[in-house]
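A look at the structure
Chain by chain, the residues run as shown.
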Amino acid sequence: MTEGPELENRTLLTGFVLSGLSGHPRLQQLLFFTFCLVYTITLIGNLLIFVITMHSTLHTPMYFFLRVLSFLDISTASVVVPKMLVNFVAEDRSISHTGCVAQLFCVVLLAATEWYLLAAMAYDRYVAVCNPLRYAIVMNTRACRSLVLLSCCSGNVVSVVQTSWVFTLPFCGAKQINYFFCDIPPLVVLSCTDTSLYEKQIIMTTVLVILAPFCLILVSYACILSSILKLSSAEGRHKTFSTCSSHIVVVTLYCGSGTLIYLQPKASYYQGAKKVLAVIYTTVVPTLNPLIYSLRNKEVKEVLIGMMGKLRKKS
């Protein structure tokens, strides 16, 4: 039987060890059940939206984008959470070099794609509210698919560049990642070479991938709110304000957590803060998106009630 230290030493030669969210043994079970519940809610909520938006009455650009968003949220949570859950209850928290590369690639790909998709969704809402007469022409099926394809391709380019760059760095020491998944900042910290040039590159990428789309989203919603103020119906203004404010809150939460993590990849402030921020954009936001973007929508509620009614009749 291989003893713990020997197993750890052997693992370190071929991969990394994830320290997880917390080192307190008493918290492991509580964290396991908490994130197991959050992950379950994420899967159910996003799968529900994915199925509902396939309904014939919801074949519009907005619901097409929401379906893609649900897929990205399910994928993001599935790349990070299962391994985190295993590490809560397992003594061996190692991850192979290949596994770490794959996890980092997927996380960056999905996160970057989602940012560009959120910008496309904001543009879709802008055209719908500010230029409704041209909406069907501007946001046709081909345009929507092109925006999604462009988001995916851009995310893939960002991911390939970032992942390749990170894993060209020499890693020294115990190769223990003080994080719950393979991400850029904790991997950069492990490098035993000067990473100042790479850190500048990360900052530039953060501006292009997070801050630029965020600014576009804010401009879109500013134009939408300006149009709303011209509405004569107080009820219409209140409804649209409520929807826009909810979207902006979630996007700001997503932007704030991502920006604070990647703008200072080797920052000396408390590492636990970065873990909390990473939890927000990998688990909390994917859980909130179905509620904020879809389940509060009247059309979605009507389709959901209709589907539940049909299921009751069959049973």
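On a predicted model such as this, the values are computed, not experimentally measured, just so you know.

Glancing now at a nonpolar patch on the surface. On the surface, a nonpolar cluster with roughly 380 Å² of combined accessible area is contributed by Phe50, Val51, Met54 and Phe71. For Met54, the position within the fold is in the loop between α2 (25–52) and α3 (61–89).

Taken from the UniProt record, the annotation "transmembrane region" (unreviewed entry) applies to residues 30–52, 64–81, 101–123, 143–161, 202–229, 241–264 and 276–295. In residues 64–81, helix accounts for 100% and strand for 0%; the two terminal C-alpha atoms are 26 Å from one another. Across residues 143–161, helical content stands at 100% and strand content at 0%; the span's end C-alpha atoms are separated by 27 Å.

Applying the stated criterion to the full structure yields 3 cavities of 30 Å³ or more. Its volume calculated, the largest cavity comes out at about 240 Å³. Around the largest cavity sit 17 residues that line it, and Val108, Ala111, Val209, Ile210 and Tyr262 are the ones nearest its centre. Mapped by element, the contributors of at least two residues to the lining of the largest cavity are α4 (97–130), α6 (141–166), α8 (196–228) and α9 (234–262). Across the lining of the largest cavity, the residue classes tally to 13 nonpolar, 4 polar and no charged. The computed volume of the second largest cavity comes to approximately 120 Å³. For the lining of the second largest cavity, the secondary-structure elements that each account for two or more residues are α3, α4, α8 and α9. Sort the elements by how many residues they give to the lining of the second largest cavity and α4 lands first, with 5 residues.

A few words on the packing of aromatic side chains. Within this structure, the stated rule accounts for 14 aromatic pairs. Measuring from centroid to centroid gives 5.8 Å for Phe64 and Phe65, while their planes differ by 50°, and the two rings are tilted. Using a relative accessible area of 23% as the deciding quantity, one classes Phe64 as partly exposed. Taking the centre distance of 5.6 Å and the plane angle of 15° together, the rings of Tyr179 and Phe180 count as stacked. Taken as a pair, Tyr179 and Phe180 share a single burial class, namely buried. Three or more aromatic residues joined by ring pairs form one cluster here, namely Trp115, Tyr254, Tyr262 and Tyr281. Here the basic side chain of Lys175 rests over the ring of Phe16, its NZ or CZ set 5.6 Å away from the ring centre.

Our next topic: the nonpolar core. Among the nonpolar cores identified, the biggest contains 80 residues, and Phe16, Trp115, Leu118, Ile177, Ile184, Leu187 and Tyr293 are the most heavily contacted of them. Residue contributions to this core peak at 14 residues, all from α4. Once residues lying within four places of it in the same chain are set aside, the contact partners of Leu118 are Leu69, Ile217, Val251, Tyr254 and Tyr293.

Our focus in this paragraph is the sheet that holds strand β2 (residues 94–96). A sheet is described by the order of its strands in space; here 3 strands give the open sequence β2-β1-β3, paired in mixed fashion. The open sheet has two free edges, formed respectively by β2 and β3 (176–177), since each of these has just one partner strand. Sheet topology places strand β1 (residues 15–18) next to β3; 2 bridges connect them, and they run parallel. Across the sheet, the residue bridging to Leu18 is Ile177, located in β3. The strands touched by α4 within the sheet are β1, β2 and β3, with β2 carrying the most contacts at an inclination of about 85°.

Definitions and limits used
Residues numbered from 1 in each chain as written. Predicted model: local features only at pLDDT ≥ 70, side-chain atom pairs only at ≥ 80, totals over all residues. Heavy atoms only, no water. Patch = residues over 30% accessible without salt bridge, like charges linked within 9 Å, V, L, I, M, F, W, Y side chains within 5 Å. Areas by Shrake-Rupley, 256 points an atom, 1.4 Å probe, with all protein chains shown as cover. Salt bridge = Lys/Arg side-chain N within 4 Å of Asp/Glu carboxyl O. Helix = DSSP H or I, 4+ residues; strand = E, 2+ residues; numbered from the N terminus. UniProt positions renumbered as here; feature names shortened; annotations may be inferred. 1 Å grid on protein atoms, 1.4 Å probe; cavity = no way out; pocket = protein on both sides within 12 Å on 5 of 7 lines; lining within 4 Å. Points joined across faces, edges and corners; volume = space filled by probe spheres on them. Nonpolar A, V, L, I, M, F, W, Y, C, P; charged D, E, K, R; others polar. Phe/Tyr/Trp six-rings, centres within 6.5 Å; stacked < 30°, edge-to-face > 60°. Buried < 20%, exposed > 50% of the residue type's maximum accessible area, 1.4 Å probe, protein only. Lys NZ or Arg CZ within 6 Å of the ring centre and 35° of its normal. Core = buried A, V, L, I, M, F, W, Y, C linked by side-chain atoms within 4.5 Å. Contact = heavy atoms within 4.5 Å. Pairing = 2+ DSSP bridges. Axes fitted to C-alpha atoms, helices over the stretch in contact; angles between N-to-C directions.

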